[in-house]
Amino acid sequence: MSLSRTGGLASLLVLLACGSTSVVGVDPPTDGSAPPPSGTPTGTPTTPPPPPPPPGDAGTDGPRPAQGLRFVAVGDTGKGTPGQQSVADAIAAKCQASGCDFVQLLGDNIYESGVTSADDPLLQSRFEIPYAKVNAPFFVVLGNHDYGANGLGTEFGKGKNEVDYTAKSTKWKLPAAYYHHVKGDAEFFALDTNLILFNRADNQKSDFPGWISASKSIWKIAFGHHPYLSNGPHGNAGNYDGIPLIGATVKSFFDDTICGKTDVYISGHDHSTQWLEPTCAGTELIVAGAGAEGTSLTSRNKSRFQTANRSFFYIVLEGKKLTAEVIDEAGAVRFTRTLTKP
């Protein structure tokens, strides 16, 4: 489905501002251009070097642990506030008690305008220090605040600064602006929805269909910043912030590429925790953006659960079974749901 862009988009975008395993992906642009096509991974190989993977091959991370694959999903974290620290402490406690193979950050990692370089001290105060007690890697996607302009997301070169930080941190895993990787029984697809929003997603449109269709994993789970559906203030793609056609490029991308082709899509952007009842052609829709603060909720979409309290998702994959818990900042389990494949 192709949706046209409308005039005056830039004047409306201010309303949107509120609010390592083996991987393959593409870096964000460093100027104003669209990102380049994916190519050969960079780096200095050790000897003897392994043979290079075929184009689009994400690689694997070894067999699934006997206790299942366990991960946290949380977004909109990078406030540097007591609220962020409270959720971080709850994540650390849950990971210590139950185990975490990784944490997935869902964008808006550094408020209000991302970072100026890979050496920006905000990466310490709003990532390394708050999560010092979490002994797990953090995979990352980019949000509109990570692309600067106080959340307008229009400083397109800024995303690369967070990509570059991957080489400096032992925890932070953002190998490219978008990428995919395999862990255990699941393949994870990390989108750059800010570039999709601004119609700069030609390479994502060409790469993700092939990556998803080639996946042999039991579970296919996509992560991104902007939601397909949400009961928070930003709302549904194609009508973000109640403005017709804002986010139409996001909706079109998902209708063509993600919906019905992945099992679950997990996003942030709205500062709440939701499991929506409607699916997107069978793809379950989760919002997990309450990593530092909560904002209001509506009933525009039916939900299985929703809360504006600070919280995160803890997800366990065991073969054909997915079990998800919503855990609040006090460590209490607020909601549990299990999906089982036939």
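Residues numbered from 1 in each chain as written. Predicted model: local features only at pLDDT ≥ 70, side-chain atom pairs only at ≥ 80, totals over all residues. Heavy atoms only, no water.

Colleague: Please give an account of the overall build of the protein chain that cites residues and values.
Modeller: Looking only at helices and strands, one finds seven helices and 15 strands in the protein chain. Put simply, the protein chain has 342 residues, and 57% of those count as buried. About 13200 Å² of surface is accessible on the protein chain, with carbon and sulfur atoms providing 53% of the total. (Helix = DSSP H or I, 4+ residues; strand = E, 2+ residues; numbered from the N terminus. Buried < 20%, exposed > 50% of the residue type's maximum accessible area, 1.4 Å probe, protein only. Areas by Shrake-Rupley, 256 points an atom, 1.4 Å probe, with all protein chains shown as cover.)

Colleague: Please give an account of helix H6 (residues 202-214) that cites residues and values.
Modeller: Along its 13 residues, H6 runs 19 Å from first to last C-alpha, staying within 8% of the 18 Å computed at 1.5 Å per residue. Turning to H6, its buried residues are Asn203, Gln204, Asp207, Phe208, Trp211 and Ile212. (Expected span 1.5 Å × (residues − 1).)

Colleague: Run through the packing of aromatic side chains, naming residues and quoting values.
Modeller: For the structure shown, the criterion picks out 23 aromatic pairs. Each ring, one from phenylalanine 102 and one from phenylalanine 188, has its centre 5.2 Å from the other, and the planes form 75°; the classification is edge-to-face. Of this pair, phenylalanine 102 sits in strand S3 (residues 102-105) while phenylalanine 188 sits in strand S7 (residues 186-190), placing them 86 residues apart in sequence. Note on phenylalanine 102: relative accessible area 0%, which makes it buried. For phenylalanine 188, a relative accessible area of 1% corresponds to the buried category. Between phenylalanine 305 and phenylalanine 335 the ring centres are 5.0 Å apart and the planes differ by 15°, which places this aromatic pair in the stacked class. Within this pair, whereas phenylalanine 305 is found in strand S12 (residues 303-307), its partner phenylalanine 335 is found in strand S15 (residues 333-340), the two being separated by 30 residues in sequence. Overall, the relative accessible area of 16% leaves phenylalanine 335 in the buried class. Here the aromatic cluster, defined as three or more aromatic residues joined through ring pairs, consists of Tyr178, Phe208, Trp211, Tyr228, Phe253, Phe254 and Tyr265. (Phe/Tyr/Trp six-rings, centres within 6.5 Å; stacked < 30°, edge-to-face > 60°.)

Colleague: Before we move on, could you go through the nonpolar core and cite the residues and values that matter?
Modeller: Counting residues in hydrophobic clusters, the biggest one holds 89 residues, and the most contacted among them are Ile221, Ile266, Leu317 and Leu322. Discounting chain neighbours no more than four positions away, the residues touching isoleucine 266 are Ala73, Leu106, Ile221, Ala222, Phe223, Gly224, Ile286, Ala288 and Ile315. (Core = buried A, V, L, I, M, F, W, Y, C linked by side-chain atoms within 4.5 Å. Contact = heavy atoms within 4.5 Å.)

Colleague: I'd love a proper account of the environment of valine 115, names of residues and values included.
Modeller: Checked against the element boundaries, valine 115 lands in the loop between S3 and helix H3 (122-128). Among all residues touching valine 115, those that are not within four sequence positions of it are Ile110, Asp120, Leu122, Leu123, Lys158, Asn161 and Glu162.

Colleague: Kindly report on the sheet that holds strand S14 (residues 321-328), identifying the contributing residues and their values.
Modeller: With respect to topology, seven strands assemble into an open sheet ordered S5-S4-S3-S2-S13-S14-S15, the strand pairing being mixed. With partners counted over all chains shown, the strands left at the sheet margins are strand S5 (172-173) and S15, one partner each. Lying over the sheet, helix H2 (residues 82-98) contacts strand S2 (69-74), S3, strand S13 (311-318) and S14, oriented at roughly 25° with respect to S13. (Pairing = 2+ DSSP bridges. Axes fitted to C-alpha atoms, helices over the stretch in contact; angles between N-to-C directions.)

Colleague: So what's going on with the environment of cysteine 259? Residues and values would help.
Modeller: In this fold, cysteine 259 is placed in the loop between helix H7 (248-257) and strand S9 (264-267). As for cysteine 259 and tyrosine 228, which are separated by 31 residues in sequence, their C-alpha atoms are 9.5 Å apart. The contacts of cysteine 259, once residues within four sequence positions are left out, are Tyr228, Phe254, Cys280, Ala281 and Thr283.

Colleague: Can you tell me about the pattern of salt bridges, naming the residues and giving the values?
Modeller: Within this structure, the stated rule accounts for twelve salt bridges. Taking the shortest distance from any N to any O, the salt bridge between glutamate 293 and lysine 79 comes out at 3.7 Å. A residue pair is termed long-range when its members are at least 10 positions apart, and glutamate 293 in the loop between strand S11 (284-288) and S12 and lysine 79 in the loop between S2 and H2 qualify at 214 residues. Accessibility expressed as a relative area gives 28% for glutamate 293, which makes it partly exposed. Of the charged contacts in the structure, one is a salt bridge between aspartate 263 and lysine 341, with a shortest N-O distance of 2.8 Å. One end of the pair, aspartate 263, is in the loop between H7 and S9; the other, lysine 341, is in the segment after S15, with 78 residues separating them in the sequence. Residue classification places aspartate 263 among the buried residues on the basis of a relative accessible area of 18%. Here the residues in one salt-bridge network are Lys79, Glu112 and Glu293, joined through shared partners. (Salt bridge = Lys/Arg side-chain N within 4 Å of Asp/Glu carboxyl O.)

Colleague: Give me the lowdown on the side chain of serine 113, citing residues and values where you can.
Modeller: Relative to the elements of secondary structure, serine 113 occurs in the loop between S3 and H3. The buried category is assigned to serine 113, whose relative accessible area is 17%. A polar contact of 2.7 Å, which involves the side chain of serine 113, links it to the backbone nitrogen of asparagine 150. (Polar contact = N/O pair within 3.5 Å; in protein donor to acceptor, adjacent residues only side chain to side chain.)

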